[in-house]
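# Structural overview
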Amino acid sequence: MNTKLLPVTPESIAEAGGIIRGGGLVGFPTETVYGLGANALDGDAVRQIFRAKGRPGDNPLITHVASEAEIAPLIRGGISDQARALMRAYWPGPMTLIFPKSDRIPPEVSAGLDTVGIRMPSHPAARALIEAAGVPIAAPSANRSGRPSPTTARHVLDDMDGRIPLILDGGACAVGVESTVIDVTGRVPRVLRPGGVTPEMIAAAAGAVEVDGAVMRPLREGEKPRSPGMKYRHYAPEGALTIFEGEAAAVARAICARYDAAPDGAAILALPGHEALYGGRRVLPLGDKDSAESVAASLFAVLRALDDEGVKLIFSEAVDEAGVGLAVMNRLGRAAAFHIEKV
Ligand code: TXA
Ligand code: MG
């Protein structure tokens, strides 16, 4: 199959909508990461997503809608006051809510669970595509399973060339980490995956929040995760990654010692402004401003660059877990299989 890469125009959106309606797959931009979309109401179309990504069949997909009116037929039991408060505050945007699912959602989307994740993205191209398709769109991140999520159309092409007919190029994604996944089926909203909508923001809108314990640690032997995605070593660079936590100068000394002892070379991930702490050693900056938002926006591109260059050993500074920093440390922590050293 020949994969076309087209800029976002009314014509390319119409073509992409036709592909989705016809049961095919399209790579498209959202404000978080690029998605790999199919008609969420068509189990056969959704099965192709799993094939193209090499995704395990027990990992459910998020269903994307462009308006609130599309949600009622997809869920069961109505929308709680807390869920409604979150929707009002943060949709459209980088937030996915887990509801009990209706029979309209095929088992391929929910991977056999009785719930469904719904998200209303804010990216204009994503919204236009859902409207052009005329159906809700099931979409995971558009990477091959186990690779960092794509934040540019080029990343999608690197992973999906020859596997899908069309990628819409909407430039780099603004948020850069995937949406916050929040289970709203219980009494208190529970964060299953941190993202651009932070626990602080959730508490402000809904009055309370819990962060699932598995967000910042590996799963325990035999533990059944609330979100199947937590089982998989997502976001894994090919090199071995270790994170160092502590005061900046002490972290830099510890990293330099390990870097200098590496026989085959290594790379350092450091916050902008910290380069000078590492002398002439090989540093990849995490973002361009010292803010968690900036680190989030650059993180997956940096991890991909390390893979492209075949770096075997990576040492990274930790990021403060406040705000979107929790999402950054969740992704970085998983990429490092939670090898975090305190100095
Ligand atoms: O920002 C995003 O969420 C992107 C863009 C394309 O919207 N999508 C995305 O999808 O990251 P994916 O499939 O790569 O990650 C979805 C995560 C997985 O960890 C999955 O296990 C979890 O959400 N998930 C989906 N449905 C769920 C459900 N019903 N219950 C619990 N977890 C669910
Ligand atoms: Mg993914």
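Residues numbered from 1 in each chain as written. Chains lettered and ligands numbered in written order. Predicted model: local features only at pLDDT ≥ 70, side-chain atom pairs only at ≥ 80, totals over all residues. Heavy atoms only, no water.

### Overview of the sheet that holds strand S14 (residues 283-285)
Spatial ordering of the open sheet is given by S14-S13-S15-S12-S16, a layout of five strands whose pairing is parallel. Edge positions in the sheet fall to S14 and strand S16 (340-342), since each has one partner strand and no second. The mean angle between the axes of side-by-side strands here comes to 25°, regardless of whether they run parallel or antiparallel. With respect to the sheet, helix H9 (residues 292-308) is in contact with strand S13 (267-270), S14 and strand S15 (313-317), its orientation differing from that of S14 by roughly 150°. (Pairing = 2+ DSSP bridges. Helix = DSSP H or I, 4+ residues; strand = E, 2+ residues; numbered from the N terminus. Axes fitted to C-alpha atoms, helices over the stretch in contact; angles between N-to-C directions. Contact = heavy atoms within 4.5 Å.)

### Description of the packing of H9 against helix H10 (residues 325-335)
Packing of H9 against H10 leaves a shortest axis separation of 9 Å and a crossing angle of 25°. Taken as axis vectors, H9 and H10 run roughly parallel relative to one another. In this structure, the crossing between H9 and H10 has a hand that is left-handed. For the pair H9 and H10, contact is made by Ala292, Val295, Ala296, Leu299, Phe300 and Leu303 and by Gly325, Val328, Arg331, Leu332 and Ala335, respectively. Looking at the contact of H9 with H10, its residues break down into nine nonpolar, one polar and one charged. (Parallel < 35°, antiparallel > 145°, perpendicular 65-115°, else oblique. Left-handed = near helix turned anticlockwise from the far one by under 90°. Nonpolar A, V, L, I, M, F, W, Y, C, P; charged D, E, K, R; others polar.)

### Focus on the domain arrangement of the protein chain
In terms of domains, the protein chain is made up of domain 1 (4-216) and domain 2 (240-342). Placing a centre on the C-alpha atoms of domain 1 and another on those of domain 2 gives a separation of 28 Å. Each side of the interface is counted separately: domain 1 has 27 residues, and domain 2 has 18 residues. For the pair domain 1 and domain 2, the two sides together bury roughly 1800 Å², of which 58% comes from carbon and sulfur. (Domains from an automatic or database assignment. Buried area = accessible area lost by both parts, 1.4 Å probe.)

### Details of the site of ligand 1
Surveying the vicinity of ligand 1 reveals 25 residues, the closest of which are Thr32, Asn59, His64, Ser179 and Gly229. Between ligand 1 and the protein, one listed contact pairs an oxygen atom with a side-chain N or O atom of Asn59 at 2.6 Å. Within the side chain of Ser141, an N or O atom sits 2.9 Å from an oxygen atom of ligand 1. Protein chains shield 98% of the accessible area of ligand 1, which is 680 Å² for the free molecule. Contributing elements (two or more residues each) for the shell around ligand 1: strand S4 (62-64), strand S6 (115-119) and strand S10 (190-193). When residues of the shell around ligand 1 are assigned to their parent elements, the largest contribution, three residues, is made by S6. Across the shell around ligand 1, the residue classes break down as eleven nonpolar, nine polar and five charged. (Near = heavy atom within 4 Å. Polar contact = N/O pair within 3.5 Å; in protein donor to acceptor, adjacent residues only side chain to side chain. Areas by Shrake-Rupley, 256 points an atom, 1.4 Å probe, with all protein chains shown as cover.)

### A word on the pairing of S6
For a regular strand, the rule is simple: side chains alternate between the two faces of the sheet. Most of S6 sits inside the fold, with four of its five residues counted as buried. Bridging between S4 and S6 involves three bridges; their strand directions are parallel. Across the sheet, residue His64 finds its bridge partner in S6, namely Arg119. When strand S5 (residues 95-100) meets S6, the two strands line up antiparallel, connected through five bridges. Opposite Thr96, over in S6, you have Arg119 as the bridge partner. (Buried < 20%, exposed > 50% of the residue type's maximum accessible area, 1.4 Å probe, protein only.)

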